[in-house]
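# Tertiary structure, described
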Amino acid sequence: MSETCFWIMANEDRYENPDLLAKLALTFGSKKLAKKEEEELEEKKSIKKRIKELKVLDPKIAQNLSIFLGSFRIPYQEIKRMVLEVDEEKLTEPMIQNLVKHLPEQEQLNALVRFKNEYPSLSEPEQFGVVMSGVKRLRPRLNAILFKLQFEEQVNNIRPDIMAVNAACEEIRKSKSFSKLLELVLLMGNYMNSGSRNAQSYGFDLSSLCKLKDTKSSDQKKTLLHFLAEVSEERFPDVLKFVDDWQHVDKASRVSAENLEKNLKQMERQLLQLEKDLETFPPTEDMHDKFVTKLSSFSKQAREQYQKLVIMHNNMSTFYQNLVEFYVIDSKKTSAEELFTDMSNFRSMFMQAVKENVKRREAEEKQRRVKIAKEKAEREKLERQQKKKQRLLEMNTESDETGVMDSLLEALQSGAAFRDRRKRAPRPKENLKAPLERSRSRQNINFSSTRAPVAKELNYESEPHSSTARSRAAGKREAHIGPSTREKETEPSGCTPKEDNDVEALLARLRAL
C-alpha cells in the first residue's frame, strides 16, 4: 500500500457518534435471532414432552389416530355405542375403514386398560384407546360391520355383470341376422381366396370380422366392410338387424371374468369369517351390544345372496362354453372379455360403415346432380348462342331486303327506273328525216305520252324483255307514229301530271307490299 493511496488518507473517526452506533447495534444486532432460536428450542422441548406423555401407543399411530378423531369430531363414548349397537344410520363405510386402518393392535389396547385410572392425564389417542378397549374383539367386530355395509354394493356390482355376459352369449348365439352375416362373409372370403390354400373354408375365427376393414378395394375408396354393409343394405336387409339384437354385448365387453371370480371368492372368504366369528363370539352382559343379533340375521341373508350369485356365475360359464363350442372358438386362447370386445368393436365398425356408405352415396348423388346441371347449362348456353346467331342472320337478311326496297323506291321516285327502261337503241342515220317532217310528228306527242305510263307499268310488273322483244316493239311504234315521233322520243321530256299520278299509285302499292 503506497503512502498516496486513499486508505492511508481516510479518517473515519470523525464520523463517530454514540447515538449512531447504538442505533446500528439495535437494528442489526443478533438478539432477535437468539430469541427465535429459543422459541424453536422450547417448541422442540414441548414436542418431546408431549411424546413422552404417550404411555403405550407408538407416536406415528397416535398421530394418525388423532387425525382420524379430529376429522369426525364425535365423542369417544358415542363411537363405542355405535359400534356395540351396530348403528348403520350413523356408522358409515369411510368411518369404519379409517378406524380399522388406524386402530391400535389388541395388545396395545389391553395395555391401556392399566392406565384407566390415569385417564385425564393421557393423550387423546390413548384416551380413545382406553374407551374402545372395553369392546370385546373390536377388530373382528369392525371387519364384520364393514362387510355388512359393503355387501349390498358388492352384490350390485357382480349381479349385473353376470347377467350382461349371460344375455350377450344368448344374443350372439341365437341371432339369425348375425348367422346370415357370417354366411355372407364366408361366401365372400371363399370367393376372394379361390385358388389359394384357404379356399373353400368351412368357417373362420370371429375375431377376423374386425379385420374386414383392412381389406381395401382396388380404387382405395372403400373396404370390404363397406362392401359388406352395402350388400346387406341393398340385398339382405335382415342382416342389419343384428345391430339391434346385440343389446348387452357392449356392456359384456367391459366385464372381466377374472375379476368376477376374484370378487366372488373374496365375498365367500368374508362370509365364512363372519360365520366363524359369530360361532366363537363370547357372550356379553352389555345390554347395548347387539352385534351377534344383527350380524346373525345378516349372515343368513348374505349366504342366500351369495348362493344365487354362484349359480348365476356357473350359468354364465355354461353359456359361454356353449357359445365357444357353437362357433368353434378356442376358449384357451380367447377369453370372454376378448371375445365380447371383438364383437362390440365389430358392431360399432359395421354401424360406422353403414353411415359412411350413406354419406358416400349422398356425395355421389350430389356430384351427379351437379354434373347434370352443368351439362344442362352448357346445352342451354349452346342453344342460346345458336338462336342468337340465327336471329343475327335473319336481321341481316331483313336489312338486305329493306335496303333493296329502299333503293327501288328511291329509283321510282327519282324516275331513274323509267329512264333506264325507255332507253332505245340508236337509230340508223338513213332513217333520219328531214327537219321539215318534225312538225308533223309533234301532233302525235300526246298519243305517245299517254301510252308511256302503261308501258312503264307493264315493264315493271312483267319480267324484263329480251333485246329482240324491245326491238320489235320499237319497230311497231315507229311504223305507227312515224319518223318525227321517234326523233321526238329520243329527246328528253318531262313527266305529265297523269304520269305523276301513275307513279304515286305504283309507290303506294309497293309500300303496301
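Everything below is about the structure shown above.
On a predicted model such as this, the values are computed, not experimentally measured, just so you know.

With that settled, the discussion passes to the overall build of the protein chain. Counting secondary structure elements, the protein chain contains 22 helices and 0 strands. Among the 513 residues that make up the protein chain, the fraction classed as buried is 29%. Contacts spanning at least 24 positions in sequence make up 80% of the contacts within the protein chain whose residues lie at least 6 apart. For the protein chain, the computed accessible surface area is about 35900 Å², with 52% contributed by carbon and sulfur atoms.

What follows deals with the environment of Q307. Tracing the chain through its elements places Q307 in helix α15 (residues 291–326). Judged by relative accessible area, which is 37%, Q307 ranks as partly exposed. Separated by 39 residues in sequence, Q307 and E268 have C-alpha atoms that sit 9.6 Å apart.

Enumeration over the complete set of coordinates arrives at 15 aromatic pairs. Here F242 and F346 contribute two aromatic rings whose centre-to-centre distance is 5.8 Å and whose plane-to-plane angle is 25°, an arrangement assigned as stacked. With a gap of 104 residues between them, F242 in helix α12 (residues 242–245) and F346 in helix α16 (residues 336–414) connect regions that are remote in the sequence. Accessibility assignment for this pair places F242 and F346 in one class, buried. Of the aromatic side chains, those joined through ring pairs into one cluster are F178, F242, W246, F326, Y327, F346 and F350.

Before going further, it helps to spend a moment on the layout of surface pockets. Quantified by volume, the second largest pocket comes out at close to 390 Å³. What lines the second largest pocket is a set of 16 residues, and nearest its centre among them are V185, G189, N193, F204 and S208. No other element matches the 6 residues that helix α10 (residues 176–192) contributes to the lining of the second largest pocket. Taken together, the residues of the lining of the second largest pocket sort by class into 7 nonpolar, 8 polar and 1 charged.

Take α10 next. Between its terminal C-alpha atoms α10 stretches 25 Å, which fits the 24 Å expected from 17 residues at 1.5 Å a residue. Within α10 the residues assigned to the buried category are S177, F178, L181, L182, L184, V185, M188 and N190.

This brings us to the environment of V185. Along the chain, V185 falls in helix α10. For V185, a relative accessible area of 9% translates into the label buried. For the pair V185 and L228, spaced 43 residues apart in sequence, the C-alpha to C-alpha distance is 7.6 Å.

Between two packed helices, the angle of one axis relative to the other and the distance separating the axes together describe the packing. Packing of helix α5 (residues 76–85) against helix α8 (residues 124–132) leaves a shortest axis separation of 9 Å and a crossing angle of 35°. Judged by the sense of rotation from one axis to the other, the crossing of α5 with α8 is right-handed. Only E124, Q127, F128, V131 and M132 of α8 make contact with α5, whose side of the interface consists of Y76, Q77, I79, K80 and V83. Class assignment of the residues belonging to the contact of α5 with α8 gives a composition of 6 nonpolar, 2 polar and 2 charged.

About the criteria used
Residues numbered from 1 in each chain as written. Predicted model: local features only at pLDDT ≥ 70, side-chain atom pairs only at ≥ 80, totals over all residues. Heavy atoms only, no water. Helix = DSSP H or I, 4+ residues; strand = E, 2+ residues; numbered from the N terminus. Buried < 20%, exposed > 50% of the residue type's maximum accessible area, 1.4 Å probe, protein only. Contact = heavy atoms within 4.5 Å. Areas by Shrake-Rupley, 256 points an atom, 1.4 Å probe, with all protein chains shown as cover. Phe/Tyr/Trp six-rings, centres within 6.5 Å; stacked < 30°, edge-to-face > 60°. 1 Å grid on protein atoms, 1.4 Å probe; cavity = no way out; pocket = protein on both sides within 12 Å on 5 of 7 lines; lining within 4 Å. Points joined across faces, edges and corners; volume = space filled by probe spheres on them. Nonpolar A, V, L, I, M, F, W, Y, C, P; charged D, E, K, R; others polar. Expected span 1.5 Å × (residues − 1). Axes fitted to C-alpha atoms, helices over the stretch in contact; angles between N-to-C directions. Left-handed = near helix turned anticlockwise from the far one by under 90°.

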